[in-house]
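Structural features, examined
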Amino acid sequence: MSNADDPTLAQEFVAFAVQAGVLRFGEFKTKAGRLSPYFFNAGGFDDGAKLGRLAEFYARRVVASGLRFDMVFGPAYKGITLASALAVELARRGRNVPFAFNRKEAKEHGEGGTLVGAPVAGRVLIVDDVISAGTSVRESIALIQAAGGQPCGVAIALDRQERATEGDHDAPWSAVQFVTTQLQLDVAAIATLEDLLQYLRAGADPALSTYAAPVQAYRERYGV
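What counts and what doesn't
Residues numbered from 1 in each chain as written. Predicted model: local features only at pLDDT ≥ 70, side-chain atom pairs only at ≥ 80, totals over all residues. Heavy atoms only, no water. Helix = DSSP H or I, 4+ residues; strand = E, 2+ residues; numbered from the N terminus. Contact = heavy atoms within 4.5 Å. 1 Å grid on protein atoms, 1.4 Å probe; cavity = no way out; pocket = protein on both sides within 12 Å on 5 of 7 lines; lining within 4 Å. Points joined across faces, edges and corners; volume = space filled by probe spheres on them. Nonpolar A, V, L, I, M, F, W, Y, C, P; charged D, E, K, R; others polar. Axes fitted to C-alpha atoms, helices over the stretch in contact; angles between N-to-C directions. Parallel < 35°, antiparallel > 145°, perpendicular 65-115°, else oblique. Left-handed = near helix turned anticlockwise from the far one by under 90°. Buried < 20%, exposed > 50% of the residue type's maximum accessible area, 1.4 Å probe, protein only. Arc of directions from axis to C-beta. Core = buried A, V, L, I, M, F, W, Y, C linked by side-chain atoms within 4.5 Å.

You can see Leu-35 is positioned in strand E2 (residues 35-40). Leu-35 sits 183 residues away from Tyr-218 along the chain, and the two C-alpha atoms are 8.6 Å apart. Among all residues touching Leu-35, those that are not within four sequence positions of it are Glu-27, Phe-28, Lys-29 and Tyr-218.

This model, assessed by the stated rule, comprises one cavity of 30 Å³ or more. When its volume is computed, the largest cavity comes out at roughly 40 Å³. Every residue lining the largest cavity is listed: Phe-13, Val-14, Ala-17, Leu-23, Phe-40, Leu-158, Ala-191 and Leu-196. Here the lining of the largest cavity takes three residues from helix H1 (residues 9-19), the largest share from any one element. In terms of residue class, the lining of the largest cavity is built from eight nonpolar, no polar and no charged.

Once that is clear, we can look at the packing of helix H6 (residues 193-202) against helix H7 (residues 212-222). Direction vectors running N to C along H6 and H7 enclose 155°, while the axes themselves pass 9 Å from each other. Accordingly, the angle class assigned to the pair H6 and H7 is roughly antiparallel. Crossing geometry of H6 relative to H7 is assigned as left-handed. Residues Leu-193, Glu-194, Leu-197, Leu-200 and Arg-201 of H6 form the contact with H7, whose participating residues are Ala-212, Val-215, Gln-216 and Arg-219.

Moving on: the packing of helix H2 (residues 48-65) against helix H3 (residues 78-92). For the pair H2 and H3, interaxial distance at closest approach is 8 Å and the crossing angle is 75°. The angle between H2 and H3 falls in the class roughly perpendicular. Residues Leu-51, Leu-54, Ala-55, Glu-56, Tyr-58, Ala-59 and Val-62 of H2 pack against Thr-81, Leu-82, Ala-85, Leu-86, Glu-89 and Leu-90 of H3. Residues that form the contact of H2 with H3 fall into these classes: 10 nonpolar, one polar and two charged.

We now examine H7. Each α-helix turn comprises 3.6 residues. Residues three or four places apart therefore point the same way. If you check which residues of H7 are buried, you get Ala-212, Val-215, Tyr-218, Arg-219 and Tyr-222. For H7, the angular spread of the buried residues around the axis is 130°, confining them to a single face. Residues Ala-213, Glu-220 and Arg-221 are exposed on H7 and point more than 90 degrees away from its buried face. Looking at the buried residues of H7, the elements they touch are strand E1 (23-29), E2, strand E8 (163-166), strand E9 (169-174) and H6.

Take the nonpolar core next. Membership of the largest hydrophobic core comes to 50 residues, with the highest contact counts inside it found for Phe-13, Leu-23, Phe-25, Phe-40, Phe-45, Tyr-58 and Leu-125. Considering each element in turn, this core owes the most residues, eight residues, to H1. Excluding residues that lie within four positions of it along the chain, Leu-125 makes contacts with Val-62, Leu-67, Phe-69, Met-71, Val-72, Phe-73, Cys-152, Gly-153, Val-154 and Ala-155. Of all hydrophobic cores here, the second largest spans 19 residues; its members include Phe-73, Val-137, Val-154 and Leu-185.

Attention now goes to the layout of surface pockets. Space left empty within the atom packing is revealed by a probe, the size of a water molecule, rolled over the atoms. Approximately 1100 Å³ is the volume attributed to the largest pocket. Lining the largest pocket are 42 residues, with Lys-31, Val-130, Ile-131, Ser-132 and Ala-133 sitting closest to its centre. For the lining of the largest pocket, the element with the most residues is helix H4 (residues 135-146), which contributes six residues. Grouping the amino acids of the lining of the largest pocket by side-chain chemistry returns 17 nonpolar, 13 polar and 12 charged.

What follows covers unusual backbone geometry. Cis peptide bonds are those with omega within 30 degrees of zero, and the linkage from Ala-76 to Tyr-77 qualifies with 5°. When you line up the elements, Tyr-77 lands in the loop between strand E3 (71-74) and H3. Within the chain, Gln-161 stands out as a residue other than glycine whose phi angle is a positive 55°.

Shape descriptors only; they carry no functional weight alone.
Take a look at the structure:
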């Protein structure tokens, strides 16, 4: 889903992620064993100011996407903070929606169960940082449906736009494409790898412009 209704959103977000130290450049080994010239770690949005700004980007993206939802859901662990922050920002903008999240392990005392927060019902928007393999999304879908809700979409910070891995082989699709085509859920990403490339090529940060070529080469090798 494009950012056509908020055209400056992606470039603003990439600049923010770089300034926050969340988006770094160099040589990093991915979980799939690939050597990547960039690394995105949403755990680096680690203070109130950064998290508040991040929530603004998520809210702008969700609004621009046109996705219709009744509540937000954050899969453990990073999604918990992201969904909570998004709910706060949406309320600040005049739209107060419930939110819920899951535990990794079921609690057997108190309220019990694996879900925490508002009752899961209606159209549920899943909020996470990235989609690496679609596993977390499938788990969230199962939890939401078991609770009586209907998953309606996924909001993420960055779409890596690279082929997913299946076993030891590259898949013909990205993790995001898998979610949209196989799981039938719309995905709204604040920015994509193509947006990151555009930022590097524009030369807004001259110190990083040398990374445009390696990122482009990575995109050509592993991209979809």
